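Examining the three-dimensional arrangement
Listed here are the chains, written in short residue letters.
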Amino acid sequence: MTTLITGGTGRTGLALAHLLHDAKRPLVIATRAGAAPAPFTAVRFEWYDFDSHVAALSAHDNATPTSKIDRVYIVKPPLTTDAVVVTSFIDLAISKGVTRFVLLSSTQVGPDPSSNSPGSVIHQYLIDRGVEYAVLRPTWFMQNFDANFKRSIRDYDYIFSATHDGKIPWVSTDDIAQVAFECLTATQSPNKDIFVVGPELLSYEDVAAIASKVLERPIRFKRYTLEEQAAFYISLKWDPKYAKFLAELDTKIAQGSEEAVFVDPETEKNGRKYVGKRTLFEYFVANKKLWIKQ
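Presented here is an overview of the structure given in this document. In this text, all values refer to a predicted model and were calculated from it rather than measured experimentally. (Residues numbered from 1 in each chain as written. Predicted model: local features only at pLDDT ≥ 70, side-chain atom pairs only at ≥ 80, totals over all residues. Heavy atoms only, no water.)

When helices and strands are counted, the protein chain shows 12 helices and 10 strands. Whereas a compact globule of 294 residues would reach a radius of gyration of roughly 19 Å, the protein chain reaches 19 Å, a difference of no more than 12%. Counting only C-alpha atoms, the protein chain reaches 55 × 40 × 40 Å along its principal axes. Within the protein chain, the fraction of its 294 residues that count as buried is 51%. Contacts in the protein chain between residues at least 24 apart in sequence constitute 74% of all its contacts with a sequence separation of at least 6. Carbon and sulfur atoms form 52% of the exposed surface of the protein chain, whose accessible area is close to 13,500 Å². Across the protein chain, the mean location of the 34 positive side-chain charges is 4 Å away from that of the 34 negative side-chain charges. (Helix = DSSP H or I, 4+ residues; strand = E, 2+ residues; numbered from the N terminus. Rg over C-alpha atoms; globule rule 2.2 N^0.38 Å. Buried < 20%, exposed > 50% of the residue type's maximum accessible area, 1.4 Å probe, protein only. Contact = heavy atoms within 4.5 Å. Areas by Shrake-Rupley, 256 points an atom, 1.4 Å probe, with all protein chains shown as cover. Lys, Arg positive; Asp, Glu negative; His and termini not counted. Charge placed at Lys NZ, Arg CZ, Asp CG, Glu CD.)

See below:
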């Protein structure tokens, strides 16, 4: 039983790799470069290169060469608008003996074959194919603050969004990896989607207060308009349509979308919610050096 991890050196993928390794579970990391840090086995994988799919699904963990890949962790290609590249890979994987898939999605992307969202289409496809599966639907990553906000906090002492007073149960990518690990290694497949949230609801004003306390200097929250938020994503060289989609998610947060996921008693009752243990305060303390002024 070997797990192929697409996006294997990404935030959730590498954390998942460490969990599998520590549990002595065979794994192969799939990356565009075909390289991964020791002690992991890596294979080249490019979403838009079919030959790399075939090679990756035939790979093996060097420590356990007789164990074939039968589980896959899917991180879809970033910024893609095309679900077919992933659904075709799923078909190939099934033909090669893969029996269980865990897909990384998000809270606001549910199963819908007619949706314009590739995540919705892929989610529904796993259901329709009748395979063992789990779809992880995490809220916003704590680690966004060392990506999207690193420079604004470090150099200009502010964070920004169009969420206004909306609250988010920020989650650590380590907690997401833990859920993925449990879904991949469980004797019985979950066969459901799981909302992955952090332990507390926080607005961006709350986050600014936490950052101020940890960094020992005032960090402000700037309330962006929808257009300003979309322009920021476009400045990162993201597709304008995708930038607009992400900005509109901020509007939904302002209207309570992420808070609703956190407080919904139904997801708790039927085991469709996982509450992580790591707090945003702990995250800022552990990564304080990222935002120290040069």
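Turning our attention to unusual backbone geometry. In this structure, P39 follows A38 across a cis peptide bond, with omega equal to 10 degrees. With respect to the helices and strands, the residue P39 is situated in the loop between β2 (27–31) and β3 (42–44). If you check the backbone angles, H164 has positive phi at about 55 degrees while not being a glycine. Owing to a relative accessible area of 33%, H164 belongs among the partly exposed residues under this scheme. Positive phi values are uncommon outside glycine, yet K237 reaches one of about 75 degrees. Tracing the backbone through its elements, the reader meets K237 in the loop between α8 (226–235) and α9 (240–254).

This part takes up the pattern of salt bridges. Across all of its chains, the model carries 17 salt bridges by this definition. In this structure, the salt-bridge partner of D193 is R137, at a minimum N-O distance of 2.7 Å. Separated by 56 residues along the polypeptide, D193 in strand β8 (residues 192–197) and R137 in strand β6 (residues 132–138) bring together distant segments of the chain. For D193, a relative accessible area of 8% puts it in the buried group. Between R278 and D174 there is a salt bridge; the shortest N-O distance is 4.0 Å. With R278 in the loop between β10 (273–275) and α12 (280–286) and D174 in helix α6 (residues 173–185), the pair connects residues that are 104 residues apart, well separated along the chain. (Salt bridge = Lys/Arg side-chain N within 4 Å of Asp/Glu carboxyl O.)

Right, let's talk about the nonpolar core for a bit. Counting residues in hydrophobic clusters, the biggest one holds 31 residues, and the most contacted among them are F145, I153, I159, W170, L280 and F284. Within the residue set of this core, elements represented by two or more residues are β7 (158–161), α7 (204–215), α8, α9 and α12. Leave out the neighbours within four places in its chain, and F145 touches K150, I153, I159, W170, Y204, V207, L280, Y283, F284 and W291. Counting residues in hydrophobic clusters, the runner-up holds 27 residues, among them A83, I90, V131 and V135. (Core = buried A, V, L, I, M, F, W, Y, C linked by side-chain atoms within 4.5 Å.)

So yeah, pure geometry; function would need other evidence.
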